[in-house]
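Remarks on the overall topology
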Protein chains: 2
Amino acid sequence: MTVDPDLSELDAALAERGFDGYLLDAASEESNQRYLSGFDAPDPFVTLYTPEETALLVSSLEYGRAKSESRADTVYRWNDFDLRERAQEVGRETARGDALADFLTEVGVSSVLVPRRFPLFSADALRERDVAVEPDGDEVVEDVRAVKTETEVDHIRVAQKANEAAMRAAEDLIAGAAVEDGVLHHAGEPLTSERVREEIEVTLLRHGCALDETIVACGADAAEPHNRGSGPLGAGEPIIVDIFPRDKETKYHSDMTRTFVRGEPSEDARDFYAVTEAALDAALDALEAGVTGADVHGAVCDVYEDAGYPTLRSDPDTETGFIHSTGHGVGLDVHESPSVSDRADDELEAGHVVTIEPGLYDPDVGGVRIEDIVVVTEDGYENLTDYPVEFEV
Amino acid sequence: MTVDPDLSELDAALAERGFDGYLLDAASEESNQRYLSGFDAPDPFVTLYTPEETALLVSSLEYGRAKSESRADTVYRWNDFDLRERAQEVGRETARGDALADFLTEVGVSSVLVPRRFPLFSADALRERDVAVEPDGDEVVEDVRAVKTETEVDHIRVAQKANEAAMRAAEDLIAGAAVEDGVLHHAGEPLTSERVREEIEVTLLRHGCALDETIVACGADAAEPHNRGSGPLGAGEPIIVDIFPRDKETKYHSDMTRTFVRGEPSEDARDFYAVTEAALDAALDALEAGVTGADVHGAVCDVYEDAGYPTLRSDPDTETGFIHSTGHGVGLDVHESPSVSDRADDELEAGHVVTIEPGLYDPDVGGVRIEDIVVVTEDGYENLTDYPVEFEV
């Protein structure tokens, strides 16, 4: 375990709200599970956190690894609660509920907070056995995770270095492309989204990062913020390159977007870029501990609306203009707390790692987005991004 | 949508159990969501399936893509149910519950089956608003997904071709290694798990596959079935290579394991391999539509127990010997229905795609596992794996 979380806020929440523990039933892909268990397993297992101890309930298959690798004080197996024998008597579903309830009793717990997305069948099973189970609408574990330790920020720095190498590989391909018949060409072939993505992903791999999805989108594709892009890249069209790698060792992410154009862009596209760069600067200027995510998002909307572009603030139904939030936390999840959006009323804290990613979208112009990743400090921010902001390459 | 699922079994289950629809609230990473929505989105969204129609409830950000790419008959946005305005009045959690309930009312649904792992907070919100919500302990959608169409089997074939190329790259590295001081060497450096894994992963990328975790483990690491392995590979030690790629386009997986040794293996390791190969053959001989997963698993246990090795059947607490199940279904998930294990009492059906992966583990000997992927047919199986079974390389 490379990160030793400060869980005092979770302890306080349990005490204040009168619950004995916090319960997870998920695979490690759910980041709260990874964070509280300190264990990496592909299939769901159970973690019970109390201010006194952390206990895991795992399959026999994971028992050895859980004992040596997790941060649990005690590791139990389902068969310690006779799951197999009980299943033959009462059926697997009932047996699992009985075993889960016995595990809680063994640890001395009769009421639990759980994540909002805790599995319904486990919650129903425990409630039927008189355990109080309440989804934590306040998302206290997400709040704890949002404030990064120095170690965690270092993990993100490492992922961001890989990200910059991958962005460089992508930019080099685009900048080196020849223009023929309005389409970018590389080595005599049309240069496609897929080809650029492969270059990005191989570069990330060589830097120890796993590849999630990567966006390399131009034209109308780029006007849809989550469209991954496909096919030949057009000359003079803004190409959004959005890379969000995860370090395979630490599991922490980074996130960065640049928009490039090769060949002559339209005047509208140039305006999109200039205003978006101004929006990025405005957001960064607004950023420091104590302001809210909504304040920062508001600064971006101001820039766009002043320049005459619609935003979801000025028109909640718009499908063009600035049609997403300004940013989000990054850590074990690529999207996590805190949000930098109109509904982020909580104060940003030192140690929050967030993206700032204004963008403009219109099917007739294409899409432009610029995204940096920063850590919030008491008097501003430290930009973890070391990559030029440059449109025409 | 490349797969058009036959959902008549789901329709029948809804009718028989008296529910109006089947509800999902998850990102596309949850395969039932991907299967029923036909939509690929990174953040959670809502799918409501009824025998008459499929409706999606998504954020504004995903609205355009959902309309053009999903298999939904109708796509709604949260703001169609005034989420934003309501949140300002009653808070976001209550507003979300109200909007979700209104969405169900709009589609004419007042009772829903949901997956066992449906999010508790959504279930509680609907129940408070008099919607009946029941986790489907029978996992009918998983049963539907288990039987593959020809198109789905073809998707798995494509992933398996990539898998074989990656395994070949791994085997070539290991077979070409020099032995110095008991450790494998490549290009003058110790050959590590990490180096072999990188070769596998780059090969998969070049073949259009995303890399999930990959296991390259030897020595005591390999004696823990889920240990990914790390550090230099030892001469004469069995090296387990377990690759389970996902095709990036179709999202379907394949899964294959081979165990290699470079240098002289111990007699115990040779015995592990010979008995495991016999166990694989016994399982394949037992396989056809109409037998149960437990029958096939029993054939494997028979071979191991007859040869004097412990299994979880002969000793539920053993930490050495054959300590996992024989296999599992493969599709959108790398582990899905049907199970090939002692608790798989349902009959295998033609079109089920399963792994057969017997193995032996002992910290003093290491681990050996051999895994093929096959599609069950009326009178046997078709082996989708085209890769030799060979230990010493």
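Counting restarts for each chain: residues are numbered from 1 in the order of the written sequence. Each chain is given a letter, starting from A, and each ligand a number, starting from 1, according to the order in which they appear as written. At least 70 in pLDDT is required for a residue's local features to be given in this predicted model, at least 80 for side-chain atom pairs to be given and counted, and no such filter applies to totals for whole chains, interfaces and linings, which use all residues. Just so you know, side-chain values use all the structure's heavy atoms and leave hydrogens and water out.

An unreviewed UniProt entry lists chain A under the name M24 family metallopeptidase, from Halospeciosus flavus.

Overview of the packing of helix H11 (residues 267–286) of chain A against helix H12 (residues 293–306) of chain A
All names here are of chain A. For the pair H11 and H12, the least separation of the axes is 8 Å and the interaxial angle reads 150 degrees. Judged on the interaxial angle alone, H12 and H11 are roughly antiparallel. Crossing handedness for the pair H11 and H12: right-handed. Residues Val275, Thr276, Ala278, Ala279, Ala282, Ala283 and Ala286 of H11 form the contact with H12, whose own contacting residues are Val296, Ala299, Val300, Val303 and Tyr304. Fitting a line to C-alpha atoms yields each axis, with helices limited to the stretch in contact; the angle taken between N-to-C directions then spans 0 to 180 degrees. By the criteria applied, helices consist of DSSP H or I runs no shorter than four residues and strands consist of E runs no shorter than two, each listed in order from the N terminus. Oblique is the label for every angle not falling under 35 degrees (roughly parallel), over 145 degrees (roughly antiparallel), or within 65 to 115 degrees (roughly perpendicular). For any helix crossing, the convention is left-handed if the near helix is rotated counterclockwise from the far helix by under a right angle, and right-handed if that rotation is clockwise. Any two residues whose heavy atoms approach within 4.5 Å at even a single point are treated as in contact.

A short note on the environment of Arg129 of chain A
Residues and elements named next belong to chain A. As for its placement among the helices and strands, Arg129 is situated in the loop between helix H6 (120–128) and strand S6 (132–135). Between buried and exposed lies partly exposed: a residue is buried under 20% and exposed over 50% of the maximum accessible area for its type, with that area taken using a 1.4 Å probe on protein chains only. Judged by relative accessible area, which is 23%, Arg129 ranks as partly exposed. Remark: the alpha-carbon pair of Arg129 and Val109, spanning 20 residues in sequence, is separated by 13 Å. At 3.2 Å, the side chain of Arg129 and the backbone oxygen of Thr94 are in polar contact. The term polar contact refers here to a pair of N or O atoms within 3.5 Å; inside protein, the definition further demands a hydrogen-donor-capable atom paired with an acceptor-capable atom, and it admits residues adjacent in sequence only when both atoms are side-chain atoms. At 2.7 Å, the side chain of Arg129 and the side chain of Asp98 are in polar contact.

Some thoughts on the sheet that holds strand S4 (residues 74–77) of chain B
Residue and element names in this part refer to chain B. If you trace the six strands from one edge of the open sheet to the other, you get S4-S3-S2-S1-S5-S6, paired in mixed fashion. In this open sheet, the two edge strands, each paired with only one partner strand, are S4 and strand S6 (132–135). Pairwise comparison of adjacent strand axes, ignoring direction, gives a mean angle of 25 degrees for this sheet. Here helix H6 (residues 120–128) sits on the sheet in contact with strand S1 (21–26) and S6, set at roughly 145 degrees to S6. Two strands form a pair only when DSSP identifies at least two bridges running between them.

Considerations on the interface of chain A and chain B
Quite often, the size of an interface is put as the accessible area lost when its parts meet. With 53 residues of chain A at the contact, the number on the chain B side is 52 residues. Once two parts are brought into contact, the accessible area they lose, counted with a 1.4 Å probe and summed over both, makes up the buried area. When the two sides are added together, the surface that chain A and chain B hide from each other amounts to roughly 4700 Å², 48% of it contributed by carbon and sulfur. Area buried by chain A at its contact with chain B is led by Arg117, Leu120 and His226 of chain A, which between them contribute 16% of it. Throughout this description, the term salt bridge denotes a Lys or Arg side-chain nitrogen within 4 Å of a carboxyl oxygen of Asp or Glu. Viewed at the interface, chain B and chain A are joined by 16 salt bridges. Elements supplying a minimum of two residues to the side of chain A that touches chain B: strand S1 (21–26), helix H3 (60–69), helix H5 (92–107), H6, S6 and helix H9 (193–206) of chain A.

A closer look at the sheet that holds strand S12 (residues 239–243) of chain B
Residue and element names in this part refer to chain B. The sheet built from three strands is open, its strands ordered S11-S12-S14 with antiparallel pairing. Of all the strands in the sheet, the pair left with one neighbour each is strand S11 (214–218) and strand S14 (256–260). The average undirected angle you get between the axes of adjacent strands in this sheet is 10 degrees. On the sheet, helix H9 (residues 193–206) packs against S11 and S12 and is oriented at approximately 155 degrees with respect to S11.

Thoughts on the relation of the copies chain A and chain B
Superposition of the two copies of the chain requires a rotation about an axis and a shift along the axis. Between chain A and chain B, which share one sequence, the superposing operator has a rotation angle of 180 degrees and an axial displacement of 0.0 Å; the RMSD is 0.0 Å. Given the turn and translation reported, the copies of this chain are related as if by a two-fold rotation axis. No C-alpha of chain A approaches the rotation axis more nearly than that of Leu120 of chain A, which lies at 2.4 Å. The overlap is high: 98% of the interface residues of chain A also sit at the interface in chain B, so the same surface is used on both sides. When the copies are superposed, the least-squares fit takes in the C-alpha atoms of residues with a pLDDT of at least 70 in both.

A short note on the packing of helix H8 (residues 150–175) of chain B against H9 of chain B
All names here are of chain B. Interhelical geometry of H8 versus H9 gives an angle of 150 degrees and a closest axis separation of 8 Å. With respect to H9, the axis of H8 lies roughly antiparallel. For H8 against H9, the interelement crossing comes out right-handed. Listed contacts from H9 to Ala162, Asn163, Ala165, Ala166, Ala169, Ala170 and Leu173 of H8 are Arg195, Val196, Glu199, Ile200, Thr203 and Leu204.

Describing the pattern of salt bridges
What the rule picks out here adds up to 84 salt bridges over all chains. The closest approach of N and O atoms between Glu29 of chain A and Arg246 of chain A, which form a salt bridge, is 3.4 Å. Taken together, the positions of Glu29 of chain A in the loop between S1 and helix H2 (31–37) and Arg246 of chain A in strand S13 (residues 246–247) put the pair 217 residues apart, joining distant regions of the chain. Because the salt bridges share partners, they merge into one network encompassing Glu29, Arg34, Asp40, Arg246 and Lys251 of chain A together with Glu213 and Arg228 of chain B.

A word on the pairing of S11 of chain B
Residue and element names in this part refer to chain B. Counted residue by residue, S11 has five buried out of five residues, so it is predominantly covered. Side-chain alternation along S11 places Thr214, Val216 and Cys218 on one buried face and Ile215 and Ala217 on a second face that is also buried. Where S11 meets S12, five bridges bridge the pair, whose relative direction is antiparallel. Bridge pairing in S12 links Ala217 to Ile240.

Considerations on the domain arrangement of chain A
All names here are of chain A. Note: domain ranges come from an automatic or database domain assignment. Along its sequence, chain A is organised into domain 1 (8–144) and domain 2 (147–383). On a C-alpha basis, the centres of domain 1 and domain 2 stand 37 Å from each other. The interface of domain 1 with domain 2 comprises eight residues on the first partner and eight residues on the second. Taking both partners together, domain 1 and domain 2 bury about 670 Å²; carbon and sulfur atoms supply 40% of that area. Ranking the residues of domain 1 by area buried against domain 2 places Ser31, Arg34 and Tyr35 at the top, with a combined share of 53%. Where domain 1 touches domain 2, the interface holds two salt bridges. Between domain 1 and domain 2 we count three residue pairs in polar contact (both at pLDDT 80 or more) in total. Breaking the side of domain 1 that touches domain 2 down by element, the ones donating at least two residues are H2 and helix H7 (140–146). All residues other than Ala, Val, Leu, Ile, Met, Phe, Trp, Tyr, Cys, Pro, Asp, Glu, Lys and Arg, Gly among them, are scored as polar; the first ten of these are nonpolar and the last four charged. By residue class, the composition of the side of domain 1 that touches domain 2 is two nonpolar, one polar and five charged.

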